[in-house]
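Below, each chain spelled out in residue letters.
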2 protein chains.
Amino acid sequence: MRLGIVGGGQLGRMLAQAGAPLDIRFTFLDPSEAPCASAHGEHLRADWQDETALSRLAEQCDAITFEFENVPTAAVERLAEHRPAFPPAQALATARDRWVEKSLFRELGIAVPPIARIDDQADLDAAVAEIGLPAVVKTRTMGYDGKGQKVLREAADVAGTFAELGEMPLILEGFIDFDHEISAIAVRGRDGEIRHWPVARNEHRQGILHRSEPQPGHPLQRQAEQAIARVMEKLDYVGTLAFEFFVTGEGLLANEIAPRVHNSGHWSIEGAATSQFENHVRAVAGLPLGDTTRLVPCAMLNVIGAFPDRDAVLALPGTRWHDYGKAPRPGRKIGHITVLAVDDRTLAERVAAVDALLVNDLG
Amino acid sequence: MRLGIVGGGQLGRMLAQAGAPLDIRFTFLDPSEAPCASAHGEHLRADWQDETALSRLAEQCDAITFEFENVPTAAVERLAEHRPAFPPAQALATARDRWVEKSLFRELGIAVPPIARIDDQADLDAAVAEIGLPAVVKTRTMGYDGKGQKVLREAADVAGTFAELGEMPLILEGFIDFDHEISAIAVRGRDGEIRHWPVARNEHRQGILHRSEPQPGHPLQRQAEQAIARVMEKLDYVGTLAFEFFVTGEGLLANEIAPRVHNSGHWSIEGAATSQFENHVRAVAGLPLGDTTRLVPCAMLNVIGAFPDRDAVLALPGTRWHDYGKAPRPGRKIGHITVLAVDDRTLAERVAAVDALLVNDLG
């Protein structure tokens, strides 16, 4: 079996690594010269809007999936005419627009922060008057890792913001006083079966994920599962989906979804009976879903912008090194380290030891 | 970094899978058209005695290793002149001759069954008179999976045996009344550091490994570690080495070593903090060795000759499917299944469920 992946970054690379023991082969559609996934499969060099390339991908592969959400709906629909292509176009379209996404959450009864749709400066002024400050204004599309957003703390921050963010459609979100952020990750098969990994607690630095640690028995696991299941069913989703939430005194508030494998689920490669990558491959390929139990205490730390001393990390007990084969550049995710231990106390010590070696350059 | 592997079978394939997250690339030297490892690296199609091909492998790669022991000593020594090549030629030479191997064990004070060197029928008759029956006669070289051997139960079995086995150098071994077989697997780094995985209990069918299960806390772990360390130090070994023992009322009796990653260590891919494959890659590449702790109860079952219903296996909890990408043929190892569980009782139930689905064809 051969799977086609639109995109050739580290998520595609780790999907291929997960598919290798299943003897599944991969083709990556990516416009760059040597995307990091190309070390693990065929590389079709073309833009994701190139109709000829999309047709070739469909011809070569038994099923198609996506490494990111910014694929034009028409392209996804064209692929889906020829081959099973998951997740469906409507899921990608929903996730790439913060307004559409949060409106769906509200429609499904999933609690969200106060929000307003902003199409000009007057909308922004009115929304700030209603929601109050502080608040966060974000571009509706194309934002990631804290890019394309601005925190509004006082009235003076508001004036001129619409022009400053490029006169693009925006969303204003009331500032949430949250305790921490978690991500729920689940996978849905072609037959509609859903399986949930334990939620992970996330820690960010400068808006970029720094660390994720699965939390079996988290008191809000059930609430997160209900929310993710509602979204998956509504979108007729197939594959792995991540859902980020703020944990507040009143329970979860929905932040955003990612219609794909997600950085906060990388711990599952070693830490779960079946990883988010393998289960995504299984779902897209139409295979039965695997067990999502966390096997041992573990955590994941991102390597961003610069590598720590590799040999020093490898020499620590319970570390697993993931080098994505990408050139280091400030702010760029170039790898991650999984830390494993037989108990929570040892895990905390090991995570601290790895963290002390990191030399991340967040840019 | 690029590693060269002499041989392109499933062991090479799994070495490449283990090296992928470390961003290590692979080149396989193998005479067949499409060896199964070639899905995960460059394939240099040539015989392992082809001097030009060996030179090209050395030119392309930073270090070299071997997937099996039947590589001519001269070829290994030629490679080692140009690049780090591990394990050393003397280790391969020792392991491929049962007489040399067992003589080394005796020299190192490691208990072995009664043995005799056989170069003609008269040697065999004399040895049987001394060691007694039943006994097993084996070719000194090229035997594996129970091939190239004959059990001698009564006097009538002895006559003509030397001719029957092709007039090759043989070894006679007294029949051992053992409780079970274990394999000890360890890895030694370029700096001489040795790490041991827990010994695995092995079950064979028709002389072919059927199942291996790691046994942390096995009462003979320490004795096995001492034996393997003596052999590794004597041979100035670098890489993963497996050592099979018979467990008897008087402790361990040495059976044989394999100077490479071994079928009885496949459980370590998911079940250990660092697998036998990753640690072999680390050792050969000169990286620090990883933690060999068993993380969770687990076992490995071989898939031989024919695949069971894949989807039925994948649907069972805690199973991990390894398809080597080889065409099924009776007696051929074409995959394995790792079974994981959070406790021993659940593991036993899951192993029984997987075992019931197997349709192995041992030939």
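The model shown is predicted, which means the values in this text are computed figures rather than measured ones.

**Description of the sheet that holds strand S6 (residues 135-139) of chain A**
Residue and element names in this part refer to chain A.
Thinking step 1. Read across the sheet, four strands follow the order S5-S8-S6-S7 without closing on themselves; strand pairing throughout is antiparallel. Looking at strand neighbours, the two that pair on one side only are strand S5 (115-118) and strand S7 (149-152), the edges of this open sheet. The average angle at which neighbouring strand axes cross in this sheet is 20 degrees, direction not considered.
Thinking step 2. Bridge count between S6 and strand S8 (residues 170-174): five bridges; the pairing is antiparallel. Residue pairing across strands places Ala135 opposite Gly174, the latter belonging to S8.
Thinking step 3. On the sheet, helix H5 (residues 98-107) packs against S5, S6 and S8 and is oriented at approximately 45 degrees with respect to S8.

**Re the relation of the copies chain A and chain B**
Thinking step 1. The two copies are related by a screw operation: chain A maps onto chain B through 180 degrees of rotation and 0.0 Å of translation along the axis, at an RMSD of 0.0 Å. Such a combination of turn and shift is consistent with a two-fold rotation axis.
Thinking step 2. Comparing contact sets, 100% of the residues at the interface of chain A also lie at the interface in chain B, consistent with an isologous, same-surface contact.

**What about the sheet that holds strand S3 (residues 42-45) of chain A?**
All names here are of chain A.
Thinking step 1. The four strands lie next to each other as S3-S2-S1-S4, forming an open sheet whose pairing is parallel. Lying at the two open borders of the sheet, with one neighbouring strand each, are S3 and strand S4 (63-66). Across this sheet, the average inter-strand angle for adjacent strands is 25 degrees, counted without regard to direction.

**Structural notes on the interface of chain A and chain B**
Thinking step 1. With 28 residues of chain A in contact, the opposing surface of chain B contributes 29 residues.
Thinking step 2. Among the secondary structure elements, those contributing two or more residues to the side of chain A that touches chain B are helix H11 (310-314) and strand S16 (319-323) of chain A.
Thinking step 3. The dominant element in the side of chain A that touches chain B, judged by the number of residues it contributes, is S16 of chain A, at four residues.
Thinking step 4. Counted by class, the side of chain A that touches chain B contains 15 nonpolar, six polar and seven charged residues.

**Let's talk about the confidence of the model for chain A**
Thinking step 1. For chain A, mean pLDDT is 95; residues scoring 70 or higher make up 99% of the total.
Thinking step 2. Two numbers describe this predicted complex: its pTM, 0.96, and its ipTM, 0.94.

**Some thoughts on the packing of helix H1 (residues 10-19) of chain A against helix H10 (residues 276-285) of chain A**
Residues and elements named next belong to chain A.
Thinking step 1. Remark: H1 packs on H10, axes separated minimally by 8 Å, with the N-to-C direction vectors making an angle of 80 degrees. With respect to each other, H1 and H10 are oriented roughly perpendicular. On the side of H1, the interface is formed by Met14, Leu15, Ala18 and Gly19, while H10 contributes Phe277, Glu278, His280 and Val281.
Thinking step 2. Class assignment for the residues of the contact of H1 with H10 results in five nonpolar, two polar and one charged.

**Focus on the pairing of strand S14 (residues 251-258) of chain A**
Residue and element names in this part refer to chain A.
Thinking step 1. The pairing of strand S13 (residues 239-248) with S14 spans seven bridges and is classified as antiparallel. Looking at S14, one finds that Phe245 is bridged to Ala254.
Thinking step 2. Counting the residues in the hairpin turn of S13 and S14 gives two residues.

**Some points on the nonpolar core**
Thinking step 1. Within the largest apolar cluster, 214 residues are counted, with the highest numbers of intra-cluster contacts made by Leu172 and Phe243 of chain A together with Leu172 and Phe243 of chain B.
Thinking step 2. Phe243 of chain A has contacts with Ser183, Ala184, Ala224, Ala227, Ile228, Val231 and Ile257 of chain A, leaving out every residue within four places of it along the chain.

**A short note on the domain arrangement of chain A**
Residues and elements named next belong to chain A.
Thinking step 1. Considered domain by domain, chain A is made up of domain 1 (2-85), domain 2 (114-174) and domain 3 (180-357).
Thinking step 2. On a C-alpha basis, the centroid separation for the pair domain 1 and domain 3 is 22 Å.
Thinking step 3. Contact with domain 1, which involves 18 residues of that partner, is made by 15 residues of domain 3.
Thinking step 4. Elements with a contribution of two residues or more to the side of domain 1 that touches domain 3: H1 and S4.
Thinking step 5. The dominant element in the side of domain 1 that touches domain 3, judged by the number of residues it contributes, is H1, at seven residues.
Thinking step 6. When its residues are assigned to classes, the side of domain 1 that touches domain 3 shows twelve nonpolar, three polar and three charged.

**A few points about helix H3 (residues 73-82) of chain A**
The periodicity of an α-helix, 3.6 residues per turn, causes residues three or four positions apart to be oriented the same way.
Residue and element names in this part refer to chain A.
Thinking step 1. Those residues of H3 that fall on the buried side of the exposure criterion are Ala75, Val76 and Leu79. Take H3 and look down its axis: the buried residues cluster within an arc of 95 degrees, on one side only. Facing away from the buried side of H3 by over 90 degrees, the exposed positions are Ala74 and Glu81.
Thinking step 2. Packed against the buried residues of H3 are helix H2 (51-60), S4 and helix H4 (89-95).

**Concerning the environment of Ala74 of chain A**
Thinking step 1. Considering the arrangement of structural elements, one finds Ala74 of chain A in helix H3.
Thinking step 2. By the C-beta count within 10 Å, which is 12 here, Ala74 of chain A ends up exposed.

**So, helix H12 (residues 344-357) of chain B**
Thinking step 1. For H12 of chain B, with 14 residues, the first-to-last C-alpha span of 20 Å sits near the 20 Å given by 1.5 Å per residue.
Thinking step 2. The secondary structure elements touched by the buried residues of H12 of chain B are strand S15 (298-304), helix H11 (310-314), strand S16 (319-323) and strand S17 (333-340) of chain B.

**Considering unusual backbone geometry**
Thinking step 1. Cis geometry marks the peptide bond from Leu133 of chain A to Pro134 of chain A, where omega comes out at 0 degrees.
Thinking step 2. Of note, Pro134 of chain A is situated in the loop between helix H6 (121-131) and S6.
Thinking step 3. Residue Phe86 of chain B is joined to Pro87 of chain B through a cis peptide bond whose omega torsion reads -5 degrees.
Thinking step 4. Tracing the backbone through its elements, the reader meets Pro87 of chain B in the loop between helix H3 (73-82) and helix H4 (89-95).
Thinking step 5. A positive phi angle, near 55 degrees, is found at Glu167 of chain A, a position not held by glycine.
Thinking step 6. Along the chain, the position of Glu167 of chain A falls in the loop between helix H7 (161-164) and S8.
Thinking step 7. Exposure remark for Glu167 of chain A: the 11 C-beta atoms within 10 Å place this residue in the exposed category.
Thinking step 8. One non-glycine residue, Gln206 of chain B, lies in positive phi territory at about 50 degrees.
Thinking step 9. Within the element layout of this structure, Gln206 of chain B appears in the loop between strand S11 (200-205) and strand S12 (208-214).
Thinking step 10. Overall, Gln206 of chain B belongs to the exposed group, with 12 C-beta atoms counted inside 10 Å.

**Points about the environment of Phe243 of chain A**
Residue and element names in this part refer to chain A.
Thinking step 1. Checked against the element boundaries, Phe243 lands in strand S13.
Thinking step 2. Phe243 gets classed as buried once you count the C-beta atoms within 10 Å, which come to 25.
Thinking step 3. Along the sequence, Phe243 and Ala306 sit 63 residues apart, while their C-alpha atoms lie 28 Å from each other.

How each quantity is defined
Residues numbered from 1 in each chain as written. Chains lettered and ligands numbered in written order. Predicted model: local features only at pLDDT ≥ 70, side-chain atom pairs only at ≥ 80, totals over all residues. Pairing = 2+ DSSP bridges. Helix = DSSP H or I, 4+ residues; strand = E, 2+ residues; numbered from the N terminus. Axes fitted to C-alpha atoms, helices over the stretch in contact; angles between N-to-C directions. Contact = placed C-beta atoms within 7 Å. Least-squares fit on C-alpha atoms with pLDDT ≥ 70 in both. Nonpolar A, V, L, I, M, F, W, Y, C, P; charged D, E, K, R; others polar. pLDDT = per-residue confidence, 0-100. Parallel < 35°, antiparallel > 145°, perpendicular 65-115°, else oblique. Core = buried A, V, L, I, M, F, W, Y, C linked by C-beta atoms within 7 Å. Buried ≥ 20, exposed ≤ 12 C-beta atoms within 10 Å, placed from the backbone. Domains from an automatic or database assignment. Arc of directions from axis to C-beta. Expected span 1.5 Å × (residues − 1).

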